[in-house]
Amino acid sequence: MNRRSPTRRIVIYGGALLLAFFWFAPFVLVIIGSTIPEINLVAFPPNWFKDPPNLQTFDYIFTGKVPETYEQRGALRSMISSEVRDVPRAILNSFVVATAVMIINVIFGSLAAYAYARLRFPGKRFAFTFVLMSRLIPTVAIAVPYYLIVQSFDLINSFWALILIYSVLTLPFTTLVLTLYFRSIPIEIDEAAQLEGASPWRILKDIGIPLALPSIIGAGLFAFMLSYSEFLFGLFITTTRERRTLPVVLGALSANTDVSWNMMMAGIVIGTIPTLFLAIPVWRFMVRGLTSGAIKG
Amino acid sequence: MTQATEQHTTAKPVAALRKERRAPGGHALTGLLMILPAFVLIALFTIWPVARAIYQSTRIESPIFPSQYVGFQNYRDVWNSFYFRDAAENSLLFALVTVPVLVVLGVMVALLLNEPFVGNTALRIGMLLPWALPAAVSGLIWKWIFLDSWGALNAGLYSLGIIDTYIDWLTDSNLARVAVVIVFIWAQLPLAAVFLLASLQSVPEVLYSAAAVDGASAFGRFRTVTLPGIRPMLVVVALFELLMAITNFDIVYALTQGGPGTATTLLTYFTWSESFRRLDFGAGSALAIIIALASLVLILILVRAMPKGALVEEEA
């Protein structure tokens, strides 16, 4: 095999550069855009770098200090997009909801998965299939009834509604992954403990959970990430600015035709940082799942 | 790795035994108790909404009118509506374009990442960001790139002297469609590629050597060894991306709001605007049930079409 032929190298590096450009250029552009005064950003002909870049948009989001360029124009732009100041709070909101969903997933998911993997009880097959099949219903199909149910409980604009909905949406996958993982643990370990007289609860607590811990954390983080990113339900469940989650705040900005773009980009930069920290552990979990067969394929 | 060998050695003889040994019996109550919280939560919030949607779909239901039973009227209205046909066509077109493109590009990217080159690891780690980003945020980032009036793409092309006047990326129907497709591919390609890469790496090296000995060309090796090896994963990726394409909502909402006109109004966006903008929950529910049934049929067809063993664990 002529691995190192010049043509081959050109194709490989060319392709890699193209991919890197495609994937990363938008992020670079957003970071640059967030530091450029809006006047220069919207100028025609384009003149982004007329004034030195600055971090005043970030200053505004965190402290409320209006950037100089807005004051210079005399009349304060009415639409300075004060919604971007909701971004830090929205991140917090998303975190609260996603953490609760993660905890529910970890506890309920591990319990159910262990039972599906190791215990015998009536209706097991049916219950397992039902849980998996429930996710085949497209979310948009249950959006309206969910809304009406949430409304009849007077839970519109509450985190509880979001936590409940996201748990229902993420639990089937968590249960599946953990069931497959528990099955892969040698049964002999359980039997030894059983001979010692340990109950299933005890075996789960002292053997199952410690052994499956990396997978449990991975599945939990995966549920966290899905909840953190969810948009459709967040959009209609949350109705006040104080309760909006991050995707909803940023999504609503996009519908605002008078949005201030450098502000919005600063909002995106801040909103993306938590994702950066989450991405790597979740990714590891996915890849490990793939290679060990925990995710089917 | 140890797990794989363990499976091999214990595979057949123990498989039958295992079933007995795994279930010691006498713990029926414990088992039921353990699945209870998750099961009740999922069952309650699956059966109830679906039942409610079916009930709703047979009624005029909106905050401004009194509720009233109308039989299949909502279904007829939806089915005969021009906007429904339009949205259905858009969704179909969107899936028909994005799924094959994602599968083909996914294979190409996986083949690329399987080669050693400087920056390979950086690319693999970096590509998780587009995937991990909330889709609504992806739509927003790209909205600024494609924006007609001062978007980054127009500004860049103009500064480089490639164009003289700004291009209406988001207000021209066809360009807006292309834009939605590009953003969707940007966000979905990393996952497709990494799934295919994992499958690529599980193809035994021996088969390649054997094909090389037989004098197969690079393309011949790809066709006779790689492709059959990754076929199950190709199906899984296609199926997964099809589901993602059908349920795509966030990107459309953030990027185009379904516009210009209805050019990028996919079924999901249409359902949303029907229900929550026009506040017609009856028609919205009828629409939702039509979509649910359609995707169910689609899933069943695909599961049928799938090669054996693609979705079942290869345990023993």
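For clarity, every value in this text was computed on a predicted model and none was experimentally measured. (Residues numbered from 1 in each chain as written. Chains lettered and ligands numbered in written order. Predicted model: local features only at pLDDT ≥ 70, side-chain atom pairs only at ≥ 80, totals over all residues.)

Caption draft 1: Structural detail: the overall build of chain B. On a plain count of helices and strands, chain B comes out with 14 helices and two strands. Counting all 316 residues of chain B, 37% fall into the buried class. (Helix = DSSP H or I, 4+ residues; strand = E, 2+ residues; numbered from the N terminus. Buried ≥ 20, exposed ≤ 12 C-beta atoms within 10 Å, placed from the backbone.)

Caption draft 2: Broad picture of the overall build of chain A. Across its full length, chain A holds 13 helices and zero strands. Listed by position from the N terminus, the elements making up chain A come as α-α-α-α-α-α-α-α-α-α-α-α-α. Looking at chain A residue by residue over its 297 residues, the buried ones come to 47%. Within chain A, contacts between residues at least 6 apart in sequence are counted, and of these 76% link residues at least 24 apart. (Contact = placed C-beta atoms within 7 Å.)

Caption draft 3: Main features of the domain arrangement of chain A. Residue and element names in this part refer to chain A. The domains assigned to chain A are domain 1 (6–83) and domain 2 (86–292). On a C-alpha basis, the centres of domain 1 and domain 2 stand 33 Å from each other. Counting residues at the interface gives 17 residues for domain 1 and 19 residues for domain 2. Elements with a minimum of two residues in the side of domain 1 that touches domain 2: helix 1 (6–34), helix 2 (38–41) and helix 3 (56–63). Ranked by residues supplied to the side of domain 1 that touches domain 2, first place goes to helix 3 with five residues. Among the residues forming the side of domain 1 that touches domain 2, the class breakdown is 11 nonpolar, four polar and two charged. (Domains from an automatic or database assignment. Nonpolar A, V, L, I, M, F, W, Y, C, P; charged D, E, K, R; others polar.)

Caption draft 4: Broad picture of helix 7 (residues 135–146) of chain B. Relative to the 16 Å expected for 12 residues at 1.5 Å per residue, helix 7 of chain B spans 16 Å between its end C-alpha atoms, a close match to the ideal helical length. Counting buried positions over the 12 residues of helix 7 of chain B gives 12, a clear majority of the element. (Expected span 1.5 Å × (residues − 1).)

Caption draft 5: Up close: the interface of chain B and chain A. Of the residues lining the interface, 91 residues belong to chain B; the matching set on chain A comes to 91 residues. Tallying contributions element by element places helix 2 (residues 28–56) of chain B first for the side of chain B that touches chain A, with 20 residues.

Caption draft 6: Summary view of the confidence of the model for chain B. All names here are of chain B. Across chain B, the average pLDDT comes to 82, with 88% of residues at or above 70. Within chain B, the element-level pLDDT minimum falls on helix 1 (residues 2–22), averaging 43, and the maximum on helix 4 (residues 82–113), averaging 93. Under a pLDDT of 50 for its full length, residues 1–24 has, in the predicted model, 16 contacts with residues more than four places off or in other chains. Per the prediction output, this complex has pTM 0.85; the corresponding ipTM is 0.84. (pLDDT = per-residue confidence, 0-100.)

Caption draft 7: A look at the nonpolar core. Counting 165 residues, the largest nonpolar core has A112, I165 and V282 of chain A together with A193 and L196 of chain B as the members making the most contacts within it. Of all the elements, helix 5 (residues 87–118) of chain A adds the most residues to this core, at 16 residues. The residues that make up this core include at least three from each of domain 1 (6–83) and domain 2 (86–292) of chain A. In this structure L196 of chain B touches G106, V107, A110, I230, M233 and V237 of chain B, once residues within four positions along its chain are discounted. (Core = buried A, V, L, I, M, F, W, Y, C linked by C-beta atoms within 7 Å.)

Caption draft 8: Spotlight on the pairing of strand 2 (residues 65–69) of chain B. Residues and elements named next belong to chain B. Buried residues are scarce in strand 2, accounting for zero of its five residues. Note that strand 1 (residues 59–62) and strand 2 share three bridges and pair antiparallel. Looking across to strand 2, one finds that R59 is bridged to Y69. Connecting strand 1 to the next strand, strand 2, in antiparallel fashion are two residues. (Pairing = 2+ DSSP bridges.)

Caption draft 9: Representation of the packing of helix 4 of chain B against helix 9 (residues 173–201) of chain B. All names here are of chain B. Closest axis-to-axis distance for the helix 4/helix 9 pair is 7 Å, and the angle between their directions is 45°. The angle between helix 4 and helix 9 falls in the class oblique. Our pair here, helix 4 against helix 9, has a crossing hand that is right-handed. Across the interface between the two elements, F94, V97, T98, V101, L102, V103, L105, G106, V107, V109, A110 and L113 from helix 4 touch V181, F184, I185, Q188, L189, A192, A193, L196, L197 and L200 from helix 9. A breakdown of the residues in the contact of helix 4 with helix 9 according to their chemical character gives 19 nonpolar, three polar and no charged. (Axes fitted to C-alpha atoms, helices over the stretch in contact; angles between N-to-C directions. Parallel < 35°, antiparallel > 145°, perpendicular 65-115°, else oblique. Left-handed = near helix turned anticlockwise from the far one by under 90°.)

Caption draft 10: View of the environment of L113 of chain B. All names here are of chain B. With respect to the helices and strands, the residue L113 is situated in helix 4. Given 23 C-beta atoms within a 10 Å radius, L113 is considered buried. L113 sits 10 residues away from L123 along the chain, and the two C-alpha atoms are 8.4 Å apart. Residues in contact with L113, not counting those within four places in the same chain, are N120, L123, R124, A193 and L197.

Caption draft 11: Geometry of the confidence of the model for chain A. All names here are of chain A. The share of residues in chain A with pLDDT of 70 or more is 90%, and the mean pLDDT across the chain is 84. Mean pLDDT values over the elements of chain A span from 64, in helix 4 (residues 68–72), up to 93, in helix 5. Predicted confidence for residues 293–297 stays below pLDDT 50, and this span has 17 contacts to residues more than four positions away or in other chains.

Caption draft 12: Geometry of the environment of G64 of chain A. Mapped onto the elements, G64 of chain A comes out in the loop between helix 3 and helix 4. Separated by 21 residues in sequence, G64 of chain A and R85 of chain A have C-alpha atoms that sit 7.5 Å apart.

Caption draft 13: Highlighting unusual backbone geometry. Residues and elements named next belong to chain A. Here the phi dihedral of D154 falls at roughly 60°; this positive angle occurs in a residue that is not glycine. The topology assignment puts D154 in the loop between helix 7 (139–152) and helix 8 (159–184). Note on D154: 9 C-beta atoms within 10 Å, which makes it exposed. Although it is not a glycine, N157 adopts a positive phi angle of roughly 70°. Inspection of the secondary structure assignment puts N157 in the loop between helix 7 and helix 8.

Caption draft 14: View of the environment of M133 of chain A. Positionally, M133 of chain A belongs in helix 6 (residues 124–133). As a C-alpha pair, M133 of chain A and P172 of chain A span 39 residues in sequence and 8.5 Å in three-dimensional space.

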